[in-house]
Amino acid sequence: MLVDPHARRTDGESVRIARDVLTAGSPGVKVCLPDGPEEAARALARRGRRRPVVIGDDRALLRAVRLLHLERELARCALAVVPVGRPGSVSLAGTLGVPLDAVRAARAVLEGAERRFDLLIDDSGGVVLGDLRIPPLRGERDGPGGRGAGDGPARGALGRCRSLVRTLARSSPGPEAARLRVEADGVLLTDLDHLVERVSLTPNGGLVDVVVRRRSEDGPVRARARTVTVSGPHFRYRADAVVSGPVLTRTWTAHPSALRLTVPPAVPPAASPAVPPQRPSPA
């Protein structure tokens, strides 16, 4: 059990509840309380044959998936997560089918079933479980409920100025057009001579769903591909809960069924009550 330090600071009560449920249901569980990402990586690498259980938000989950990918262990290791964090910081886990309540999520770890999910993996080792957007919305830096310098109480005139800037940025969240070149399996979808308002990538059915929205065009350009390359002058992108960049080029490749995640078992649909045959009314 890998307890993210940010989860301990944000919601220690949910962390305690999850630990109690997991240790009661599996007495041999080993609890790791790393102080930072480096210690968490070492603990994950020393897990042996134990199944890793992450207690934390979407960033903690993504970090564990990335580490397992870099170790080439994703195919051999089933992962579980108990989402703990601010509401916006655990939305990805919810979309994957993991309960956002600590008790239900911990029980799913003990009683759940393994489900496989497609991933996008980029040429720097970054992973995408949900969706990716280029460019991010104006004002987005860290993901929802992020952990940037703006987290926590701000003090003094500098803190008030930062708060005002963040408020003004959030009040105008429209997209910023960018000049991007987008290729899907080598097929050119748009080039640098067009202003692009948004590029969306989503893993689906073993491939990538690509949507390119260009300014002054009637409708979006759509494609499905295994590999997508985006190039442009210092662009940023938001992958799940994390905003990255600026970069000049990045390539994402679809990896079908690459993530093994424990989720609550599927509930079979209730059988319809049998309807007794009706006898014809006597004449």
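Residues numbered from 1 in each chain as written. Predicted model: local features only at pLDDT ≥ 70, side-chain atom pairs only at ≥ 80, totals over all residues. Heavy atoms only, no water.

Here's the deal with the overall build of the protein
Okay, step 1: Along its length, the protein carries 7 helices and 14 strands.
Okay, step 2: Counting the 283 residues in the protein, one finds 40% classified as buried.
Okay, step 3: Restricting the contact set of the protein to residue pairs at least 6 apart, pairs at least 24 apart contribute 67%.
Okay, step 4: Total accessible area on the protein is roughly 15,600 Å²; 52% of this is exposed by carbon and sulfur atoms. (Helix = DSSP H or I, 4+ residues; strand = E, 2+ residues; numbered from the N terminus. Buried < 20%, exposed > 50% of the residue type's maximum accessible area, 1.4 Å probe, protein only. Contact = heavy atoms within 4.5 Å. Areas by Shrake-Rupley, 256 points an atom, 1.4 Å probe, with all protein chains shown as cover.)

Brief notes about the nonpolar core
Okay, step 1: Of all hydrophobic cores here, the largest spans 40 residues; its most connected members are Ile55, Val65, Leu79, Val82, Leu129, Leu259 and Leu261.
Okay, step 2: The set of elements that each furnish at least two residues to this core consists of α2 (12–25), β2 (53–56), α4 (58–70), β3 (80–83), α5 (91–95), α6 (102–111), β4 (113–122) and β14 (242–263).
Okay, step 3: Among the elements that make up this core, the one with the highest residue count is α4 (6 residues).
Okay, step 4: Excluding its chain neighbours within four sequence positions, the residues that come into contact with Ile55 are Met1, Leu2, Val3, Asp4, Ala7, Val15, Ala18, Arg19, Leu22, Val82 and Val84.
Okay, step 5: Counting 25 residues, the second-largest nonpolar core is a separate cluster that includes Ala184, Val208, Val228 and Val230. (Core = buried A, V, L, I, M, F, W, Y, C linked by side-chain atoms within 4.5 Å.)

Some words on the packing of helix α3 (residues 37–45) against α4
Okay, step 1: Across the interface, α3 lies against α4 with an axial gap of 11 Å and an inter-helix angle of 50 degrees. Viewed along their axes, α3 and α4 adopt a mutual orientation that is oblique. The handedness of the crossing between α3 and α4 is right-handed. Packed against α3, whose contacting residues are Pro37, Ala41 and Leu44, the element α4 presents Arg63, Ala64, Leu67 and Leu68 at the interface.
Okay, step 2: Here the residues of the contact of α3 with α4 are counted per class, giving 6 nonpolar, no polar and 1 charged. (Axes fitted to C-alpha atoms, helices over the stretch in contact; angles between N-to-C directions. Parallel < 35°, antiparallel > 145°, perpendicular 65-115°, else oblique. Left-handed = near helix turned anticlockwise from the far one by under 90°. Nonpolar A, V, L, I, M, F, W, Y, C, P; charged D, E, K, R; others polar.)

Re the confidence of the model for the protein
Okay, step 1: Within the protein, residue pLDDT values average 84, and 80% of them lie at 70 or more.
Okay, step 2: Taken element by element, the protein is modelled with least confidence in helix α7 (residues 156–171), mean pLDDT 44, and with most confidence in strand β8 (residues 181–184), mean pLDDT 98.
Okay, step 3: Every residue in residues 279–283 scores below 50 in pLDDT, and together they form 0 contacts with partners more than four places removed in sequence or on other chains. (pLDDT = per-residue confidence, 0-100.)

Comments concerning the sheet that holds strand β1 (residues 2–3)
Okay, step 1: Strand order in the open sheet formed by 3 strands is β1-β2-β3, and the pairing between neighbours is parallel. In this open sheet, the two strands that pair with only one neighbour each are β1 and β3.
Okay, step 2: When β1 meets β2, the two strands line up parallel, connected through 2 bridges. Paired with Leu2 across the strands is Val54, a residue of β2.
Okay, step 3: The sheet contacts of α2 involve β1, β2 and β3, and relative to β2 the element is tilted by about 160 degrees. (Pairing = 2+ DSSP bridges.)

Examining the side chain of Thr253
Okay, step 1: You can see Thr253 is positioned in strand β14.
Okay, step 2: A relative accessible area of 17% means that Thr253 is categorised as buried.
Okay, step 3: Once residues lying within four places of it in the same chain are set aside, the contact partners of Thr253 are Leu119, Leu120, Ile121, Arg226 and Thr227.

Some words on the packing of α2 against α6
Okay, step 1: Interaxial distance between α2 and α6 falls to 9 Å at its minimum, and their mutual angle equals 30 degrees. Viewed along their axes, α2 and α6 adopt a mutual orientation that is roughly parallel. The hand of the α2/α6 crossing is right-handed. For the pair α2 and α6, contact is made by Ser14, Ile17, Ala18, Val21, Leu22 and Gly25 and by Ala102, Val103, Ala106, Arg107, Val109 and Leu110, respectively.

Here's the deal with the pattern of salt bridges
Okay, step 1: Taken as a whole and judged by the stated rule, the model has 13 salt bridges.
Okay, step 2: With its nearest N and O atoms 2.8 Å apart, the salt bridge here joins Arg16 to Asp20. Remark: Asp20 and Arg16 occur in helix α2; sequence separation between them is 4 residues, near one turn of the helix.
Okay, step 3: For Asp123, the salt bridge identified is with Arg250, shortest N-O distance 3.0 Å. With Asp123 in the loop between β4 and β5 (127–128) and Arg250 in strand β14, the pair connects residues that are 127 residues apart, well separated along the chain.
Okay, step 4: Bridged by salt links that share partners, the residues Arg47, Glu71, Glu73 and Arg76 form one connected network. (Salt bridge = Lys/Arg side-chain N within 4 Å of Asp/Glu carboxyl O.)

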